[in-house]
Amino acid sequence: MKISVLNGADAPSYQEVRLDGLRRDPHAFGSTYDREVKFSLETVTERIQPSRDKFVLGAFEEDGSLVGIVTFMRESGMKTLHKGIVFGMYVIPEKRGMGVGRQLMEELIRRAREAEGIEQINLTVVSDNHPAKQLYQSIGFQTFGLERNALKFEGQYFDEEWMVLRL
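Residues numbered from 1 in each chain as written. Predicted model: local features only at pLDDT ≥ 70, side-chain atom pairs only at ≥ 80, totals over all residues. Heavy atoms only, no water.

Asks: Residues and numbers for the overall build of the protein chain, please.
Replies: The helix and strand tally for the protein chain stands at five helices and seven strands. What you see in the protein chain, going N to C, is helices and strands ordered as β-α-α-α-β-β-β-α-β-α-β-β. At 15 Å, the protein chain has a C-alpha radius of gyration in line with the 15 Å of a compact globule built from 167 residues. Once the C-alpha set of the protein chain is aligned to its principal axes, its extents read approximately 40 × 35 × 35 Å. Separation between the mean location of the 22 positive side-chain charges and that of the 25 negative ones in the protein chain comes to 4 Å. (Helix = DSSP H or I, 4+ residues; strand = E, 2+ residues; numbered from the N terminus. Rg over C-alpha atoms; globule rule 2.2 N^0.38 Å. Lys, Arg positive; Asp, Glu negative; His and termini not counted. Charge placed at Lys NZ, Arg CZ, Asp CG, Glu CD.)

Asks: Describe the UniProt feature "domain: N-acetyltransferase" (unreviewed entry) in the protein chain, naming the residues involved and giving the relevant values.
Replies: Residues annotated in UniProt with the feature "domain: N-acetyltransferase" (unreviewed entry) correspond here to residues 1-167. Between the end C-alpha atoms of residues 1-167 there is a gap of 25 Å, over a span that is 30% helix and 35% strand. (UniProt positions renumbered as here; feature names shortened; annotations may be inferred.)

Asks: Explain the sheet that holds strand β1 (residues 2-5) to me, and be specific about the residues and the numbers.
Replies: Strand order in the open sheet made by the seven strands is β1-β2-β3-β4-β5-β7-β6, with mixed pairing throughout. Taken across any chain shown, the strands that pair with only one partner, and hence form the sheet edges, are β1 and β6 (142-153). When the angles between neighbouring strand axes are averaged without regard to direction, this sheet yields 25 degrees. For strand β3 (residues 66-74) and strand β4 (residues 83-91), the ladder comprises six bridges, and the chain directions are antiparallel. Note on β4: the bridge partner recorded for Met73 is Ile85. (Pairing = 2+ DSSP bridges. Axes fitted to C-alpha atoms, helices over the stretch in contact; angles between N-to-C directions.)

Asks: Give a detailed account of helix α1 (residues 11-24), specifying residues and quantitative values.
Replies: Each α-helix turn comprises 3.6 residues. Residues three or four places apart therefore point the same way. Over its 14 residues, α1 runs 20 Å from end to end, which matches the ideal 20 Å to within 8%, given 1.5 Å per residue. Restricting attention to buried positions, one finds in α1 the residues Ala11, Tyr14, Gln15, Val17, Arg18, Leu19, Asp20, Gly21 and Leu22. In this structure, the buried side of α1 is in contact with α2 (33-36), α3 (41-48), β2 (54-60), β3 and β4. (Expected span 1.5 Å × (residues − 1). Buried < 20%, exposed > 50% of the residue type's maximum accessible area, 1.4 Å probe, protein only. Contact = heavy atoms within 4.5 Å.)

Asks: Could you give me a rundown of the nonpolar core, with the residues and numbers involved?
Replies: One finds Met105, Leu108, Ile121, Tyr136 and Phe141 to be the most contacted residues of the largest nonpolar core, which totals 41 residues. Broken down by element, this core gets its largest block of residues, six residues, from helix α4 (residues 100-114). The contacts of Phe141, once residues within four sequence positions are left out, are Met105, Ile109, Ile121, Leu123, Tyr136, Met163, Val164 and Leu165. (Core = buried A, V, L, I, M, F, W, Y, C linked by side-chain atoms within 4.5 Å.)

Asks: So, the pairing of β6: which residues are in play, and what are the values?
Replies: Across a regular strand the side chains alternate sides, sitting on one face of the sheet and then on the other. With eight bridges connecting them, β6 and strand β7 (residues 156-166) associate as antiparallel partners. Along β7, the bridge assignment pairs Phe153 with Gln156. Taking the residues between adjacent antiparallel strands as the criterion, β6 and β7 are bridged by two residues, where Glu154 takes a positive phi near 50 degrees.

Asks: Can you lay out unusual backbone geometry for me, pointing to particular residues and giving the numbers?
Replies: Its identity as a non-glycine residue notwithstanding, Asn149 has a phi of 55 degrees, on the positive side. Here Asn149 shows up in strand β6. Taking relative accessible area as the criterion, Asn149 reaches 44% and is therefore assigned partly exposed. Of note in this structure, Glu154 is not a glycine but carries a positive phi near 50 degrees. Looking at the secondary structure, you find Glu154 in the loop between β6 and β7. Accessibility expressed as a relative area gives 71% for Glu154, which makes it exposed.

So this is what it looks like as structure tokens:
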């Protein structure tokens, strides 16, 4: 498995994996398939373009196929620049349980540690997503809060746990 920062050339593959996640696990994301399927390739390219404060990692098979994604973004407020946020984590079902998510998160953490001034990484996870919570806990994230009814999809509410990793 090769983990690398995505760029504009990866936009079609990224969008395919992202839409797969939104379609298969709609309750796990703040966005929806119906919203993002309308995004132009230019919009997707812009979204994943790395910058000083943001990057998207991809997990690639030996044949070059993208099987997992995760995004890191530094907070932008003057008093919150010391924090980064993880979102959009997704591994295709066929590759789950094989360490792909762990590799993505370990590389994200490594890169975040290299970013000047980042002291902690925050994320949210749907409370009943036990495999994801176990992964995050196993690499040091700790729950610090619970938001009831954080997401609402098709009339159903989902709670989210807030987690932090102090660097």
